[in-house]
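Each chain, written out:
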Amino acid sequence: MNRKKYIVLILIACAILTSYTTKRNDGSEISDLIPKGWHILEKVKGDLNEDNIDDIAVIIEGISEIEDEAPNRELLIAFGNKDGTYTLSIKAKSAILRADEGGVWGDPFEGISVDKGYILISFYGGSNWRWYGNYRFRYQDNDWYLIGATIGSFHTSTNEYTQEIDYNLLTGEFIEKKVDENGVMKTTKGSRGKKELLKLEDFIAADGEENIK
């Protein structure tokens, strides 16, 4: 084989490989999943679909189009592939509070983490009266669902109104902690009964505990 034919064959092989790689990775790199003008606020990794490959959850923030209003935030979850690329699983447009939705406290977004195969999203805000919410989401039955939540509130100058309820939405059970009129913390266990799980795509962070009812 002469040198010219050899070079032509090399170029053809490179073109085929490039075409294959482009097609395989099209829209599957995490940067490709982020809309133009948006940026990553926080991201975490962990195995979320039990295939022993790290997946990724990303909080992204856009650009505000309204003066004096914080930009929208979204949650993206993508499953990892063996070749190092990602396949988008869900884009939740109402799952993350904006920076101006935390009251006097400021930005209410506390963070996101992966623990025991589920995603935990935490919020905290208020003024003298503080509130917080930790929401747990898991991938099951080919979709994302809210499987648990810990919601609480307290006053910074007195513990008289301190209250926290931890919900296990898979079983319907809950544990409530509440300070009584004597300032004593009481713990009560109960059951709200099993109900249809709320999908992540229908979860609205701004609704707080309404997502549990």
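Basis of the calculations
- Residues numbered from 1 in each chain as written.
- Predicted model: local features only at pLDDT ≥ 70, side-chain atom pairs only at ≥ 80, totals over all residues.
- Heavy atoms only, no water.
- Pairing = 2+ DSSP bridges.
- Helix = DSSP H or I, 4+ residues; strand = E, 2+ residues; numbered from the N terminus.
- Axes fitted to C-alpha atoms, helices over the stretch in contact; angles between N-to-C directions.
- Core = buried A, V, L, I, M, F, W, Y, C linked by side-chain atoms within 4.5 Å.
- Buried < 20%, exposed > 50% of the residue type's maximum accessible area, 1.4 Å probe, protein only.
- pLDDT = per-residue confidence, 0-100.
- Contact = heavy atoms within 4.5 Å.
- Phe/Tyr/Trp six-rings, centres within 6.5 Å; stacked < 30°, edge-to-face > 60°.
- Salt bridge = Lys/Arg side-chain N within 4 Å of Asp/Glu carboxyl O.

Bringing the sheet that holds strand β10 (residues 173–179) into the picture now. Pairing in this open sheet of 7 strands is antiparallel, and the strands run β5-β6-β7-β8-β9-β10-β11 from one edge to the other. Because the sheet does not close on itself, it has two edges, and the strands there are β5 (109–115) and β11 (185–191). The average angle at which neighbouring strand axes cross in this sheet is 15 degrees, direction not considered. As paired elements, strand β6 (residues 118–126) and strand β7 (residues 129–140) share 9 bridges and run antiparallel to each other. Considered in β7, the bridge of F123 is made with G133.

In terms of nonpolar packing, the biggest core is built from 33 residues, with L75, I77, I112, I121 and L200 touching the most fellow members. Contributing elements (two or more residues each) for this core: β2 (55–61), β3 (73–80), β4 (86–92), β5, β6, β7, β8 (143–155) and β9 (163–168). At 5 residues, the largest contribution of residues to this core is made by β8.

Another point: the pairing of β10. In this structure, β9 lies alongside β10, joined through 6 bridges in antiparallel fashion. Bridging from a neighbouring strand, I165 pairs with E176 of β10. The turn linking β10 back onto β11 is made up of 5 residues, and G183 within it adopts a positive phi angle of 80 degrees.

In this section: unusual backbone geometry. Despite not being glycine, E50 has its phi angle at roughly 55 degrees, a positive value. By secondary structure assignment, the location of E50 is in the loop between β1 (39–46) and β2. When its relative accessible area of 75% is taken as the criterion, E50 is described as exposed. Phi angles above zero are rare outside glycine, and N52 is one such case at about 65 degrees. Its place among the elements puts N52 in the loop between β1 and β2. Judged by its relative accessible area of 76%, N52 is exposed.

Turning our eyes to something else, we now look at the confidence of the model for the chain. Of all residues in the chain, 86% have pLDDT values of 70 or greater, and the mean over the chain is 87. The low-confidence segment residues 4–27 (pLDDT under 50) makes 9 contacts with residues lying over four places distant or belonging to another chain.

What follows covers the packing of aromatic side chains. For the structure shown, the criterion picks out 10 aromatic pairs. Judged by centre distance (6.2 Å) and plane angle (55 degrees), the ring pair of F123 and Y135 falls under tilted. Placement of F123 in strand β6 and of Y135 in strand β7 is noted, with a sequence separation of 12 residues between them. We classify F123 as buried; its relative accessible area is 3%. In this structure Y135 comes out as buried when scored by relative accessible area, which is 4%. Ring geometry for Y124 versus F154: centroids 6.5 Å apart, planes at 45 degrees, classification tilted.

Most of β2 is tucked away: 7 of the 7 residues are buried. Across the two faces of β2 the burial is the same, with D55, A57, I59 and E61 and I56, V58 and I60 all buried. Sheet analysis places β1 next to β2, joined by 7 bridges and oriented antiparallel. Looking across to β2, one finds that H39 is bridged to E61. One ladder, built from 6 bridges, connects β2 with β3; its direction is antiparallel. Its bridge partner lying in β3, A57 is registered against I77.

Further remarks concern the pattern of salt bridges. For the structure on display, the rule yields 7 salt bridges. Residue R73 is joined to E61 by a salt bridge in which the shortest nitrogen-to-oxygen separation is 2.9 Å. Placement of R73 in strand β3 and of E61 in strand β2 is noted, with a sequence separation of 12 residues between them. Relative accessible area serves as the criterion here: at 3%, R73 is assigned to the buried category. The class for E61 is buried, based on a relative accessible area of 11%. Across the pair R73 and D107 runs a salt bridge, and its minimum N-O distance is 2.8 Å.

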